[in-house]
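Residue-level structural notes
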Amino acid sequence: MRDLSNDHALLSLNTATVRKQWRLDRIIDECARRGIHAISPWRDQVADVGLETVARLLRTTGVGLSGYCRGGFYPAANTAGLTAALEDNRRAVDEARALDAPCLVLVVGSLPGALQGVPAYTDIARARGEVRDGIAATLEYARTVGMPLAIEPLHPMQAAERACINTLEQALDLCDELDPERSGMLGVAVDVYHVWWDPKLHAQIRRAGAKRLLAYHVCDWLAPTRDLLNDRGMMGDGVIELKTIRREMESAGYAGLCEVEIFSEDWWSRPGEEVLDTCIQRHRSVV
């Protein structure tokens with residue numbers, strides 16, 4: 001297993017971690033100042049600053065990407081909605097390409113309208129079919145521009161609103177169906193917050209192998225958790241066996257970055273400088 005204790009060269013920052021403190025341009029500057037050489041930005045943050053401006057800032061600071069957040073949310077109530085989702089995912093692929101991202105992360109979506117409390121339907125099998133078809137269409141386009149897609153399974157608590165793909169096994173089944181040749185163009189993003197509990201996790205990581213393991217996200221699960229969306233823990237503050245999971249990832253061939261992604265009202269309330277400095281310290285000591 002790689003030794004992270006001497007530096008933070010393998011640290012990437014998902015920019016949601018300090019999204020309430022700073023705009024993306026400030027985040028890039030603060031990361032560069034601390035020797036954090038990779039980020040994973042969100043599309044709304046990029047749009048706020050401007051795609052061309054962000055691309056220029058990345059070039060001038062030498063900060064790269066570990067991924068781009070996000071595509072997905074394929075299911076829809078009608079044909080027009082399905083078409084709109086595909087068009088939006090095509091734009092997401094183009095943005096990821098413009099920023100030289102190694103992959104576009106897919107949060108696949110589920111029952112349309114459920115996030116607003118008014119689901120258009122409750123047939124989760126239908127949603128999973130629309131996800132399958134949506135990923136297939138996006139993959140067809142992504143291949144033409146060389147942008148790998150990383151399916152991120154989400155914890156079952158988010159099965160209704162955000163993702164009907166909830167285990168690494170489900171995500172890999174889709175990969176095997178849509179990319180049987182293991183081309184490197186379709187894989188998974190393993191976020192410990194969403195998969196740490198899964199009794200099949202280690203076996204599925206081994207099943208994925210280097211070709212499918214496109215991204216690795218770290219944080220921690222607090223006990224008790226006060227909010228299922230926005231109460232993630234800083235690494236080392238919760239119950240996830242981070243080193244055990246990373247050992248399994250690296251044994252399976254993963255050689256990429258460890259991306260810190262923390263949605264937390266607690267950490268969002270603290271100075272951004274404190275958050276980044278803590279991320280660096282915990283990355284070296286507990287990740």
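The paragraphs below set out a description of the structure included in this document. (Residues numbered from 1 in each chain as written. Predicted model: local features only at pLDDT ≥ 70, side-chain atom pairs only at ≥ 80, totals over all residues. Heavy atoms only, no water.)

Re the overall build of the chain
Selection rule: Runs of E in the DSSP output that reach at least two residues are strands. Runs of H or I that reach at least four are helices, and both are numbered from the N terminus. For the radius of gyration, the atoms used are the C-alpha atoms, and the globule rule reads 2.2 Å times the number of residues raised to 0.38. Exposure is judged per residue with a 1.4 Å probe applied to protein chains only, and the accessible area is read against the type maximum: over 50% gives exposed, under 20% gives buried, and values in between give partly exposed.
Counting its secondary structure elements, the chain contains 11 helices and 9 strands. Whereas a compact globule of 287 residues would reach a radius of gyration of roughly 19 Å, the chain reaches 18 Å, a difference of no more than 12%. On the principal axes, the C-alpha backbone points of the chain span a range of 50 × 45 × 40 Å. The buried share of the chain, reckoned over its 287 residues, is 54%.

A closer look at the pairing of strand β4 (residues 68-72)
The criterion, for reference: Two strands qualify as a pair provided DSSP detects at least 2 bridges between them. By convention, orient the strands away from the viewer: a clockwise path from the first strand over the helix to the second makes the crossover right-handed.
A large share of β4 lies buried, amounting to 4 of its 5 residues. Here 4 bridges tie β4 to strand β5 (residues 104-107), and the two strands are oriented parallel to one another. Considered in β5, the bridge of Y68 is made with L104. At this point the chain moves from β4, through helix α4 (residues 79-98), to the parallel β5, and the crossover so formed is right-handed.

Structural notes on helix α3 (residues 51-61)
Test applied: It is the directions from the helix axis to the C-beta atoms whose arc is reported. Every residue pair with non-hydrogen atoms within 4.5 Å of one another is taken to be in contact.
Every buried residue of α3 is accounted for by V54, A55, L57 and L58. Each buried residue of α3 sits inside an arc of 160 degrees when the element is viewed along its axis, so together they form one side. Opposite the packed face of α3, turned more than 90 degrees from it, sit the exposed residues E52, R59 and T60. On its buried face, α3 is in contact with α1 (24-33), β2 (38-40), α2 (43-49), β3 (64-65) and α4. G62 lies just past α3 and shows a positive phi near 75 degrees.

So, the packing of aromatic side chains
Geometrically, a pair of aromatic rings is defined through the distance of the ring centres and the angle of the planes. Note the cut-off: Only Phe, Tyr and Trp rings take part, Trp by its six-membered ring, and two of them pair if their centres are within 6.5 Å. Stacked means planes under 30 degrees apart, edge-to-face means over 60, and tilted covers everything else. Two thresholds decide whether a charge sits over a ring: the Lys NZ or Arg CZ must be within 6 Å of the ring centre and within 35 degrees of the ring normal.
If you walk through the whole model with that rule in mind, you get 5 aromatic pairs. For the pair W42 and F263, a centre-to-centre distance of 5.9 Å together with 85 degrees between the ring planes defines the contact as edge-to-face. Here F263 lies in the loop between β9 (258-260) and α10 (265-268) and W42 lies in the loop between β2 and α2, a separation of 221 residues in the sequence. F263 shares its class with W42; the two are buried. Plain terms: the ring middles of W196 and W221 are 5.9 Å apart, the flat faces sit at 50 degrees to each other, and that makes the pair tilted. Of this pair, W196 sits in the loop between α7 (192-195) and α8 (201-212) while W221 is found in the loop between β8 (213-218) and α9 (242-251), placing the two residues 25 residues apart along the sequence. Accessibility expressed as a relative area gives 13% for W221, which makes it buried. Counting every residue linked through ring pairs, the aromatic cluster contains W42, F263 and W268. Here the basic side chain of R90 rests over the ring of Y141, its NZ or CZ set 3.9 Å away from the ring centre. Its guanidinium or amino end placed over the ring of W267, R270 lies 3.8 Å from that ring's centre, counting from NZ or CZ.

Things to note about the sheet that holds β2
The condition that has to hold: For helices, the fitted line uses only the C-alpha atoms of the stretch in contact; every axis is such a line through C-alpha atoms, and the angle between N-to-C directions lies from 0 to 180 degrees.
Spatial ordering of the open sheet is given by β3-β2-β1-β9-β8-β7-β6-β5-β4, a layout of 9 strands whose pairing is parallel. Two strands in the sheet have a free side with no partner beyond their single neighbour: β3 and β4. Of the strand pairs in this sheet, strand β1 (residues 11-14) and β2 are connected by 2 bridges, and their pairing is parallel. By the bridge assignment, N14 is partnered in β2 with S40. Strands β6 (149-151) and β7 (186-191) of the sheet are contacted by helix α6 (residues 168-178), whose axis makes an angle of about 170 degrees with β7. Relative to β8, α8 is tilted by about 115 degrees, and along the sheet it contacts β7 and β8.

Regarding the side chain of D220
Stated formally: In protein, a polar contact requires one atom able to donate a hydrogen and another able to accept it; more generally it is a pair of N or O atoms within 3.5 Å, and residues adjacent in sequence count only if both atoms are side-chain atoms.
Assignment of secondary structure puts D220 in the loop between β8 and α9. Here G236 takes part through its backbone nitrogen, which lies 2.9 Å from a polar atom of the side chain of D220. Within polar-contact distance, the side chain of D220 engages the backbone nitrogen of V239 at 3.1 Å. Once you skip the residues sitting within four places of it in the chain, D220 turns out to touch Y193, R232, G233, M234, M235, G236, D237, G238, V239, I240 and L242.

Some words on the environment of P156
You can see P156 is positioned in the loop between β6 and α6. The exposure class of P156 is partly exposed, given its relative accessible area of 38%. Taking the C-alpha atoms as reference, P156 lies 9.3 Å from V195; in sequence the two are 39 residues apart. Sequence-distant contacts of P156, that is, excluding residues within four places in its chain, are made with N166 and W197.

A few points about the pattern of salt bridges
Applied cut-off: Salt bridge criterion: a side-chain nitrogen from Lys or Arg within 4 Å of a carboxyl oxygen from Asp or Glu.
As enumerated under the stated definition, the model contains 31 salt bridges in all. Notably, a salt bridge pairs K200 with E169, separated by 3.1 Å at the nearest N-O pair. A residue pair is termed long-range when its members are at least 10 positions apart, and K200 in the loop between α7 and α8 and E169 in helix α6 qualify at 31 residues. With relative accessibility at 43%, the residue K200 sits in the partly exposed group.

Spatial relationships are all this shows, so hold off on functional conclusions.
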